[in-house]
Amino acid sequence: MDKWDERFSEGEYPTDPEPSPVLRAYVDTFPEGRALDVAAGTGRNAIFLATEGFDVDALDQSSAGLEIIRNRAKEAGIDDRVQTVLADATEFDYPESTYDVVTISYFRTLDKLGAIKTALKPGGVLFYQHHLQSSPPATVGPSTNRYRFQSNELLRACLDLTVLYYEESTEDRDGRTSATATIIARNSRGGTQSYPSRHWE
Ligand SMILES: C[S@@+](CC[C@H](N)C(=O)[O-])C[C@H]1O[C@@H](n2cnc3c(N)ncnc32)[C@H](O)[C@@H]1O
């Protein structure tokens, strides 16, 4: 059994993790339509986006995680807006120019990020958050720096997009420390670019 299947089946991972406050704050600025959540887990982003009206493809290699997503979608009455895709995100043949929104949370995939970005429609938006290397080391997330982003690594990987928001932050909660990099970037050139986006205007 895959280690994530095991974690999800044994309830070691939250079945209803909260979406990022940044995603919540910016979702109203995203183009409406179709969304892809890469390495969807138990549906942190997929369920949130479907609740917001998106038609969501939730992709993960764990069938146990995808089953949790399907159950959550059914319970929330949004199962007509959530499709699950059982696939390896590093091998998947991402369809070009298909999604208005692509989300990735806590899955390191810089090698495949170029292909994932081609799945964005023109004007489509990428939201990506992941664990960050920090000093002192964070206690939430991977125990080794190998699976964390270095400072600015995520930002550099998205400089072919229009960056709307970028943040590196450290948070202490319940005696544990997390360090996270978060980006929102649009598949577009020119126009305005500011970090954070002046979306309140
Ligand atoms: C830390 S969890 C994050 C899940 C979810 N995105 C979240 O934020 O709660 C990592 C997820 O990546 C998935 N995963 C790991 N390697 C993968 C791969 N090669 N292809 C697809 N999913 C993968 C695991 O099954 C797991 O669901």
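Above: the structure in question.
These lines cover the structure that appears in this document, whether it is placed above or below. (Residues numbered from 1 in each chain as written. Predicted model: local features only at pLDDT ≥ 70, side-chain atom pairs only at ≥ 80, totals over all residues. Heavy atoms only, no water.)

Some points on the layout of surface pockets
Counted as a void, the largest pocket has a volume near 1,800 Å³. As for the largest pocket, its lining consists of 48 residues, of which Tyr-13, Arg-44, Tyr-106, His-131 and Val-140 are closest to the centre. Counting residues per element, the ones that place at least two in the lining of the largest pocket are α1 (3–9), α2 (21–26), α3 (44–51), β5 (120–131), β6 (162–173) and β7 (176–186). Here the lining of the largest pocket gets five residues from one element, more than from any other, and that element is β6. Residue classes in the lining of the largest pocket are distributed as 16 nonpolar, 17 polar and 15 charged. (1 Å grid on protein atoms, 1.4 Å probe; cavity = no way out; pocket = protein on both sides within 12 Å on 5 of 7 lines; lining within 4 Å. Points joined across faces, edges and corners; volume = space filled by probe spheres on them. Helix = DSSP H or I, 4+ residues; strand = E, 2+ residues; numbered from the N terminus. Nonpolar A, V, L, I, M, F, W, Y, C, P; charged D, E, K, R; others polar.)

Some words on the sheet that holds strand β1 (residues 34–38)
Reading across the sheet, the seven strands line up as β3-β2-β1-β4-β5-β7-β6 and stay open at both edges, with mixed pairing between neighbours. The open sheet is flanked by β3 (82–86) and β6, the only strands paired with a single partner. This sheet shows a mean twist of 15 degrees between the axes of neighbouring strands, independent of strand direction. Pairing of β1 with strand β4 (residues 99–105) involves four bridges; the strand directions are parallel. Bridge assignment links Asp-37 to a residue of β4, and that residue is Thr-103. Strands in contact with helix α5 (residues 110–118) are β1, β4 and β5; relative to β5, the strand with the most contacts, it is inclined by about 145 degrees. (Pairing = 2+ DSSP bridges. Axes fitted to C-alpha atoms, helices over the stretch in contact; angles between N-to-C directions. Contact = heavy atoms within 4.5 Å.)

Some words on the pattern of salt bridges
On inspection of all chains with the given rule, the structure shows six salt bridges. Across the pair Arg-34 and Asp-57 runs a salt bridge, and its minimum N-O distance is 2.9 Å. Within this pair, whereas Arg-34 is found in strand β1, its partner Asp-57 is found in strand β2 (residues 55–60), the two being separated by 23 residues in sequence. With a relative accessible area of 7%, Asp-57 lands in the buried category. In this structure, Lys-121 and Asp-100 form a salt bridge, with 3.2 Å as the shortest nitrogen-oxygen distance. Remark: Asp-100 occurs in strand β4 and Lys-121 occurs in strand β5; sequence separation between them is 21 residues. (Salt bridge = Lys/Arg side-chain N within 4 Å of Asp/Glu carboxyl O. Buried < 20%, exposed > 50% of the residue type's maximum accessible area, 1.4 Å probe, protein only.)

Structural notes on the site of the ligand
The local shell around the ligand holds 18 residues, among which Tyr-13, Ala-39, Arg-44, Asp-60 and Ala-89 are the closest. At a separation of 2.6 Å, an oxygen atom of the ligand approaches a polar side-chain atom of Arg-44. In this structure, Ala-89 approaches the ligand through a main-chain N or O atom, which is 2.7 Å from a nitrogen atom. Alone, the ligand offers 590 Å² of accessible surface; in the complex the protein occludes 92% of this. Because more than half of its atoms lie within 2 Å of the grid, the ligand is assigned to the largest pocket. Across the shell around the ligand, the residue classes break down as ten nonpolar, five polar and three charged. (Near = heavy atom within 4 Å. Polar contact = N/O pair within 3.5 Å; in protein donor to acceptor, adjacent residues only side chain to side chain. Areas by Shrake-Rupley, 256 points an atom, 1.4 Å probe, with all protein chains shown as cover. Sits in = over half its atoms within 2 Å of the grid points.)

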